[in-house]
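A look at the structure
Listed below are the residues making up each chain.
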Amino acid sequence: MAETNWKHVKDENFSTAILPWGATEAHNYHLPYATDNILAQEVAIRAAGKAWDKKAKAVVLPTIPFGVNTGQMDVKLCMNLNPSTQYAILRDVAQVLDKHNINKLVILNAHGGNNFKQMIRELSLEFPEIFACSVNWWQSTSAKPYFEEPGDHAGELETAAVMHLRPELVLPLDQAGEGRAKTFKMNALKEGWASAQREWTQVTPDTGVGNPKAATVEKGRVFFEKTTDMIADFFLELHRADLKDMYE
Ligand SMILES: [Zn+2]
């Protein structure tokens, strides 16, 4: 949408809005602060383009560049948006869509600290006509076959994807940290059945979680194409879906 114009938009009958949502934060030494924004935007555009070729009327909105980074406040210039602010933004976006009868919304998320599940519940009460959902792009297919060690944050997966999409923004990998992260001492937290926020600077010295060293442009390209195929299929199904007949 950012690159089109009123001439094309005014008569187009969009069924679905795609809202890429990223974050602005340190990504180890070697990846740009906008990593999650680049990934959210490029995945959304590529997947919507593939779906559009099959006649899915999905419009990609501009990327929201700030995410929830409450655990990274002590990392220089990690830009935190509190969850309540994030909901306020989501709500205003939904209000515009509602006004123009676009009643299918996909939040295309690229940041682990963003979690829209509860927000979508609340949104459903305010805008009952809108079907909202969220996709974590990196989870649309298993990363295991594509990477030695995908990693959580600025690891092999994200590094490879940015090397593919914006190679000029990635420092040589010999300048990257190893992304070695500590885990909680307490068992319940370590095993994941108790959950808590991690204090980032106490967990990882280079801000990365996951070793990026095995990342390659080719791995990034193959994974990007696979995930955008998956997500494009979802956009197409959603475009065709009858919101009054969603269950089988
Ligand atoms: Zn990231």
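Quick summary incoming for the structure in this document. Quick caveat, the model's predicted, so the values are computed rather than measured. (Residues numbered from 1 in each chain as written. Predicted model: local features only at pLDDT ≥ 70, side-chain atom pairs only at ≥ 80, totals over all residues. Heavy atoms only, no water.)

Those donors, H27 (NE2), D36 (OD), E158 (OE) and E158 (OE), are the protein atoms that reach the zinc ion, and they lie 1.9 to 2.8 Å from it. Expressed as a motif, the donor residue spacing for the zinc ion is H-x8-D-x121-E. Highlighted residues: D36 in helix α2 (residues 35–52) and E158 in helix α5 (residues 156–165), separated in sequence by 122 residues. Take E158: its relative accessible area is 10%, and that puts it in the buried class. (Donors = N, O, S within 2.8 Å, 3.2 Å for Na, K, Ca; no water. Helix = DSSP H or I, 4+ residues; strand = E, 2+ residues; numbered from the N terminus. Buried < 20%, exposed > 50% of the residue type's maximum accessible area, 1.4 Å probe, protein only.)

Next up on the list: the environment of E218. Counting through the fold element by element, E218 comes out in helix α8 (residues 217–240). Between the C-alpha atom of E218 and that of A23, which follows or precedes it by 195 residues, the distance is 25 Å.

A few words on the pattern of salt bridges. Scanning the entire structure with this criterion turns up 11 salt bridges. In this structure, the salt-bridge partner of D11 is K10, at a minimum N-O distance of 3.1 Å. The exposure class of D11 is exposed, given its relative accessible area of 62%. By relative accessible area, K10 is classed as partly exposed at 43%. The closest approach of N and O atoms between K50 and E225, which form a salt bridge, is 2.8 Å. Here the residue K50 occupies a position in helix α2, and E225 occupies one in helix α8, the gap between them amounting to 175 residues. (Salt bridge = Lys/Arg side-chain N within 4 Å of Asp/Glu carboxyl O.)

Let us look at the packing of aromatic side chains. Applying the stated criterion across every chain yields a total of 5 aromatic pairs. Where Y146 meets F223, the ring centres are 5.4 Å apart and the plane angle is 65°; that geometry is what we call edge-to-face. Remark: F223 occurs in helix α8 and Y146 occurs in the loop between β4 (131–136) and α5; sequence separation between them is 77 residues. For Y146, a relative accessible area of 23% puts it in the partly exposed group. Put simply, the rings of W137, Y146, F147 and F223 pair up and form one aromatic cluster. (Phe/Tyr/Trp six-rings, centres within 6.5 Å; stacked < 30°, edge-to-face > 60°.)

Moving on, we come to the side chain of K50. In this structure K50 comes out as buried when scored by relative accessible area, which is 15%. Within the local environment of K50, its side chain forms a polar contact with the side chain of D229, the two groups lying 2.7 Å apart. Sequence-distant contacts of K50, defined by excluding residues within four places in its chain, comprise E225, T228, D229 and A232. (Polar contact = N/O pair within 3.5 Å; in protein donor to acceptor, adjacent residues only side chain to side chain. Contact = heavy atoms within 4.5 Å.)

With that out of the way, let us pick up α2. Look at α2: 25 Å from first C-alpha to last across 18 residues, which is about the 26 Å you get at 1.5 Å a residue. Summarising burial for α2: 13 of the 18 residues are buried, a large majority. (Expected span 1.5 Å × (residues − 1).)

This part covers unusual backbone geometry. A positive phi is found at K55, a non-glycine position, where the angle reads about 80°. Following the sequence through the fold, K55 ends up in the loop between α2 and β2 (58–60). Classification of K55 by relative accessible area gives exposed; the value is 64%.

All right, on to the nonpolar core then. If you look at the biggest cluster of nonpolar residues, it comprises 38 residues, and the most contacted ones within it are I18, L39, V106, L108, W137, I231 and F235. Among the elements of the structure, α2, β2, β3 (104–109), β4, α5 and α8 are those that each provide at least two residues to this core. Looking at this core, the element that brings in the most residues is α2, giving 8 residues. With sequence-adjacent residues up to four places away left out, I231 is seen in contact with V43, A47, L108, V135, W137 and S140. (Core = buried A, V, L, I, M, F, W, Y, C linked by side-chain atoms within 4.5 Å.)

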